Amino acid sequence: MVAPSRPDTPRVAREWVASILRGAGFGHLVEAARLCTSELVTNAYRHTPTETIGVGVDVTGGRITVEVRDSGPPWRPVGGGPLDVRGRGLVLVGAYCEDWAVVAGDGGTVVWFRLGGGGG
């Protein structure tokens, strides 16, 4: 999915991811995926000058991987400590997912997360 970087893009992206997961039989992962997707797309919208935001979903081997791409300059997560007022969203992503990473390059940034496919 590729969408313009707008205030409603996080909602559109999280519902798109949820529909894919439900259709693929991963309904038990929908809420965690919605939360993490919303956080990453919101970060791309708020913190980068990107004109578009891409979201991809891969369902392989009983796990799902969601990636969020922007074309803004490479960035690094900030904050995340217990007293920081910024960066708590990525702490939530880390708490809900099995694994995640930020991959920054000249063409933009990809942030991905993976959720396990066990029953829930």
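The structure under discussion appears in the preceding block.
For every chain, the first residue of the written sequence is number 1, and numbering continues from 1 along that sequence. The predicted origin of the model limits local features to residues at a pLDDT of at least 70 and limits the giving and counting of side-chain atom pairs to 80 or more, whereas totals for whole chains, interfaces and linings rest on all residues. As a rule here, side-chain values come from all non-hydrogen atoms in the structure, and water together with hydrogens is ignored.

Asker: What's the story with the nonpolar core in this structure? I'm lost.
Answerer: Burial of nonpolar side chains together is a common tendency in soluble globular proteins. In this structure, Leu 21, Leu 40, Val 55, Ile 64, Val 68, Phe 113 and Leu 115 are the most contacted members of the largest nonpolar core, which totals 24 residues. In this text, helices come from DSSP runs of H or I with a minimum length of four residues, and strands from runs of E with a minimum of two, each type numbered from the N-terminal end. Going through the elements one at a time, helix 1 (9-23), helix 2 (30-47), strand 2 (52-60), strand 3 (63-70), helix 3 (88-96) and strand 5 (108-115) are the ones with two or more residues in this core. Among the elements that line this core, the one with the most residues is helix 2, at seven residues. By the convention used here, residues are in contact when the closest approach between their heavy atoms is within 4.5 Å. Ignoring any residue separated from it by four or fewer positions in sequence, one finds Ile 64 in contact with Leu 21, Phe 26, Leu 29, Ala 33, Asp 58, Val 59, Phe 113, Arg 114 and Leu 115. Only buried residues count toward a nonpolar core, which is a set of Ala, Val, Leu, Ile, Met, Phe, Trp, Tyr and Cys residues joined through side-chain atoms within 4.5 Å. The cut-offs for exposure are 20% and 50% of the maximum accessible area for each residue type, with area from a 1.4 Å probe on protein chains only; residues under the lower value are buried, those over the upper are exposed, and the others partly exposed.

Asker: Help me understand the side chain of Asn 43, please; the structure alone is not making it clear to me.
Answerer: Mapped onto the elements, Asn 43 comes out in helix 2. Residue classification places Asn 43 among the buried positions, given a relative accessible area of 13%. Excluding its chain neighbours within four sequence positions, the residues that come into contact with Asn 43 are Thr 48 and Leu 90.

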